[in-house]
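The chain contents come next:
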Amino acid sequence: MSANPEQDRTDKKWSGKTGGTKWMQESLISMFRHIHPVVLYPVVWVWIVFYIAFGHAGRRGIWHYWNLRPCSGRSGLRHWLWCAGNLYLTYLEFGKAILDRFAAYSGRHIRVRIEGAEVLDELTNRSDGFMVLSSHIGNQELAGYSFQMPKPMYVLVHVGDTETVNENRREAFERMGLHIIPVRQDGSHVLEMHNALSDGNILSVHADRLFFGTKAISKPILGESANWPEGPFRIAVAERVPVVTLFMMRERAGEYTLHVRALASGDYSSMQRLARVDWLAEQYVTTIEEMLERYPRQWFHFYEFWK
């Protein structure tokens, strides 16, 4: 994942690729078959200094994020230093998350503890399908490489990333029994999503990034208004399926916690359709805010997220 300078403050529809050349990415995968990612942490400490220095769009977005967070009465120079320090540490967390992702491509095991496993157990034991609204906080993609669901899971994926990442993502998902639904310009992926849910399977969709042509719904996060893609919430409401969120949050080297949160049961009968969409979006944003209270440095939107 990387920032893309095509966004502006009025139309932030994300389009980006994982940084690095094909040779660099394939070399990382080969290295991690023999060494632990922690060996490269010192390289990340230095590398992100250059990434921050030359990645203006990403730096601006993360700086805005930290300016929105409570800063315990700091002002002036103290506030600036507090934001600068946390900006660096956010990039550091992101660098470690990227290393963990490439380590997973190499087949290296990641230890995962599940918080809220009973929610998944209940839904996977039912015959009908359900939706997972995922996000770009933590290391969401790594969840798909780390454990296998007891029923088929389909993942909507933007395939505009690099060839190396797309191919290794596909292979890693296949090992865990996950199926990719690529986003297509003709919209045919919507029918695949409907079929996945109708067949009683799991559908996972990112609900926090706008792509070109995406309709938006406005919801505040951290006290400031932001745009969210309307589609995932509309699909959940139209299909009348239960909805959960999954947050794969890094604890330490090679260890993660998968946080499972139930958002909706699928029974929206007491609300009009537009009200249901709005309510579900609000629940989703609230769970992200709650998770950021526990893991504030794992906000990985490296562009200007807010309006």
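Bear in mind that the values here come from a model prediction, so they are computed numbers and not experimental data.

Caption draft 1: Broad picture of unusual backbone geometry. A positive phi angle is found at L222, which is not glycine, with a value near 55°. Within the secondary structure, L222 sits in the loop between β6 (216-221) and β7 (224-229). Of note in this structure, R240 is not a glycine but carries a positive phi near 55°. If you trace the backbone, R240 turns up in the loop between α9 (231-239) and β8 (243-252).

Caption draft 2: A look at the side chain of N139. Within the secondary structure, N139 sits in the loop between β2 (130-134) and α6 (140-146). For N139, the side chain forms a polar contact with the main-chain oxygen of A97, separated by 3.0 Å. What N139 contacts, discounting residues up to four positions off in sequence, is A97, D100, R101, M248 and Y256.

Caption draft 3: Highlighting a nonpolar patch on the surface. The grouping of W45, V46, V49, F50 and F54 at the surface amounts to a nonpolar patch, some 580 Å² of accessible area in total. As for its placement among the helices and strands, V49 is situated in helix α2 (residues 41-54).

Caption draft 4: Here's a closer look at the packing of aromatic side chains. Summed over all chains, the structure comprises 20 aromatic pairs. When the centroid spacing of 5.4 Å and the interplanar angle of 85° are considered together, the rings of W66 and W82 count as edge-to-face. Here W66, found in helix α3 (residues 56-68), pairs with W82, found in helix α4 (residues 76-105); they are 16 residues apart in sequence, far enough to count as distant. As far as burial versus exposure is concerned, W66 and W82 are alike and both buried.

Caption draft 5: Geometry of the sheet that holds strand β3 (residues 153-157). Taken together, the seven strands give an open sheet; going across it, the order is β1-β9-β8-β2-β5-β3-β4, and neighbouring strands pair in mixed fashion. Either end of the sheet is taken by a strand with one partner, and the two such strands are β1 (111-115) and β4 (178-182). Going from strand to strand, the sheet's axes swing by 30° on average, the running direction of each strand aside. When β8 meets strand β9 (residues 255-264), the two strands line up antiparallel, connected through nine bridges. In the sheet register, M248 faces β9, and the bridge partner there is L258. Lying over the sheet, helix α7 (residues 163-175) contacts β3 and β4, oriented at roughly 140° with respect to β4.

Caption draft 6: Representation of the confidence of the model for the protein chain in the model. Scored by pLDDT, the protein chain comes out at a mean of 86, with 90% of its residues at no less than 70. Residue range residues 1-15 is modelled with pLDDT below 50. Its contacts to residues more than four positions away, or to other chains, number 48 contacts.

Caption draft 7: A look at the environment of R60. On the secondary structure map, R60 appears in helix α3. Counting along the chain gives 244 residues from R60 to E304, while the straight-line C-alpha distance between them is 6.8 Å.

Caption draft 8: Focus on the nonpolar core. The biggest cluster of nonpolar side chains holds 89 residues, and the ones touching the most others in it are M131, I221, W228, F233, Y284 and W299. If you tally residues by element for this core, the top one is α4, at 13 residues.

Caption draft 9: Representation of the pattern of salt bridges. With the rule as written, the count across this model stands at 14 salt bridges. E115 is paired through a salt bridge with R294; the nearest N and O atoms lie 3.2 Å apart. Of the two residues, E115 is situated in strand β1 and R294 in helix α10 (residues 273-294); the sequence distance between them amounts to 179 residues. Judged by its relative accessible area of 44%, R294 is partly exposed. With a shortest N-O distance of 3.1 Å, K219 and E282 are connected by a salt bridge.

Caption draft 10: Structural detail: α2. With 14 residues, α2 extends 20 Å from end C-alpha to end C-alpha; this agrees with the ideal 20 Å at 1.5 Å per step. The largest bend along α2 reaches roughly 25° and is located at W47. Of the residues making up α2, those classed as buried are Y41, V44, I48 and I52. In this structure, the buried residues of α2 make contact with α3, α4 and β8.

Caption draft 11: Layout of the environment of Y256. Looking at where Y256 falls in the secondary structure, it is placed in strand β9. Between the C-alpha atom of Y256 and that of N139, which follows or precedes it by 117 residues, the distance is 8.8 Å. Residues within four places of Y256 in sequence aside, it is in contact with A97, D100, I110, R111, V112, R113, N139, L142, M248, M249, R250 and E251. Within the local environment of Y256, its side chain forms a polar contact with the side chain of D100, the two groups lying 2.6 Å apart.

Caption draft 12: Structural detail: the packing of α2 against α4. At a minimum axis distance of 9 Å, the contact between α2 and α4 shows a crossing angle of 125°. The angle between α2 and α4 places the two elements in the oblique class. Between α2 and α4 lies a crossing whose hand is right-handed. The segment α2 lies against α4, with Y41, V44, W45, I48, V49, Y51 and I52 engaging L87, Y88, Y91, L92, G95, K96, L99 and D100.

Here is what the cut-offs are and how they apply
- Throughout this description, residue numbers start from 1 for each chain and increase along the sequence as written.
- It should be noted that, the model being predicted, local features are given only for residues of pLDDT at least 70 and side-chain atom pairs only at 80 or more, the latter also being counted only at that level, while totals for whole chains, interfaces and linings use all residues.
- Side-chain measures were taken over the full set of non-hydrogen atoms in the model, leaving aside hydrogen atoms and water.
- The numbering of helices and of strands both runs from the N terminus, where a helix is a DSSP run of H or I of at least 4 residues and a strand a run of E of at least 2.
- Under this definition, polar contacts are N or O atom pairs within 3.5 Å; protein pairs additionally need one hydrogen-donor-capable and one acceptor-capable atom, and for neighbouring residues in sequence, both atoms have to be side-chain atoms.
- Residues are treated as being in contact if the distance between any of their heavy atoms lies within 4.5 Å.
- Candidate patch residues must exceed 30% relative accessible area and have no salt bridge, after which like charges are joined if within 9 Å and Val, Leu, Ile, Met, Phe, Trp or Tyr side chains if within 5 Å.
- Each accessible area is a Shrake-Rupley result for a 1.4 Å probe, and residues are judged covered by the shown protein chains and nothing else.
- A side-chain nitrogen of Lys or Arg and a carboxyl oxygen of Asp or Glu constitute a salt bridge if their distance falls within 4 Å.
- Side-chain rings of Phe, Tyr and Trp (the six-membered ring for Trp) are treated as a pair once their centres are within 6.5 Å; stacked means planes under 30 degrees apart, edge-to-face means over 60, and tilted covers the remaining angles.
- Per-residue accessibility, obtained with a 1.4 Å probe over protein chains only, is compared with the maximum for each type, and a residue is labelled buried under 20%, exposed over 50%, and partly exposed between these values.
- Only when DSSP finds a minimum of two bridges between them are two strands counted as paired.
- Note on method: axes are straight lines fitted to C-alpha atoms, helices fitted across the in-contact stretch only, with angles between N-to-C directions ranging 0 to 180 degrees.
- Think of pLDDT as the predictor's per-residue confidence, scored from 0 to 100.
- What we call a nonpolar core is a set of buried Ala, Val, Leu, Ile, Met, Phe, Trp, Tyr and Cys residues that are connected through their side-chain atoms within 4.5 Å.
- Multiplying one less than the number of residues by 1.5 Å gives the expected span of a helix.
- Note that bend, as reported per residue, equals the angle between axes fitted to the 7 residues terminating at that residue and the 7 residues originating from it.
- For classification purposes, angles smaller than 35 degrees are called roughly parallel, those larger than 145 roughly antiparallel, those between 65 and 115 roughly perpendicular, and all remaining angles oblique.
- Should the near helix be turned anticlockwise from the far one by less than a right angle, the crossing is left-handed, and should it be turned clockwise, the crossing is right-handed.

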